[in-house]
Amino acid sequence: MDILLTIKALSNETRFNILEWLKHPENHFGPQEHMPATCDFKGGICVGSVSEKTGLAQSVVSGYLVKLQKAGLLESRRSGQWTYYRRDEEGINRFIEQLKKEL
């Protein structure tokens, strides 16, 4: 894990908020109506829902989500034309542990 890449990803207020909202998605987002019942990606939120909450264009939000994923903080699953994101708790914990060791 590149700790500086992760810190940079978190340095944007909207990206930080997205990660925070995804901690309890049921409190911040409506039902994910397009997610098939067979999809086992519990807690996954589509880009459109995140875009709606932020008030930013889907292209901007998509870039933010990819940046958080590359930093090891999110995981994604594609289902048809929809991409869903959720927190990668193991990645977040690795980041926290590495930060504790390095600082």
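Think of each chain on its own: its residues are numbered from 1, step by step along the sequence as written. Reporting of local features is limited, given that this is a predicted model, to residues whose pLDDT is at least 70; pairs of side-chain atoms are given and counted only at 80 or more, and all residues count toward the totals for whole chains, interfaces and linings. Where side-chain values are given, they derive from all heavy atoms of the structure, hydrogens and water being excluded.

### Section: the side chain of R15
And then number 1: Counting through the fold element by element, R15 comes out in helix α2 (residues 13-21).
And then number 2: Working definition: with a 1.4 Å probe on protein chains only, accessible area under 20% of the residue-type maximum means buried, over 50% means exposed, and in between means partly exposed. Only four residue types enter the charge count: Lys and Arg as positive, Asp and Glu as negative, with His and the chain ends excluded. Here a salt bridge means any side-chain nitrogen of Lys or Arg lying within 4 Å of a carboxyl oxygen belonging to Asp or Glu. Buried and without a salt bridge, R15 has E13 as its closest oppositely charged side chain, separated by 11 Å.
And then number 3: It only takes one pair of heavy atoms within 4.5 Å for two residues to be counted as in contact. Beyond its immediate stretch of four places on either side in the chain, R15 contacts K8, A9, Y64, K67 and L68. Only runs of H or I of at least four residues qualify as helices and only runs of E of at least two qualify as strands under DSSP, and these elements are numbered from the N terminus.

### Comments concerning the nonpolar core
And then number 1: To qualify as a nonpolar core, a set must consist of buried Ala, Val, Leu, Ile, Met, Phe, Trp, Tyr and Cys residues joined through side-chain atoms within 4.5 Å. If you look at the biggest cluster of nonpolar residues, it comprises 21 residues, and the most contacted ones within it are I18, L65, L73 and L74.
And then number 2: Secondary structure elements with two or more residues in this core: α1 (3-10), α2, α4 (47-54), α5 (58-70) and α6 (89-102).
And then number 3: It is α5 that provides the largest number of residues to this core, a total of 4 residues.
And then number 4: Residues contacting L65, with those up to four places away along its chain left out, are I18, V47, L74 and Y85.
And then number 5: Membership of the second largest hydrophobic core comes to 5 residues, among which are M35, F41, C46 and Y84.

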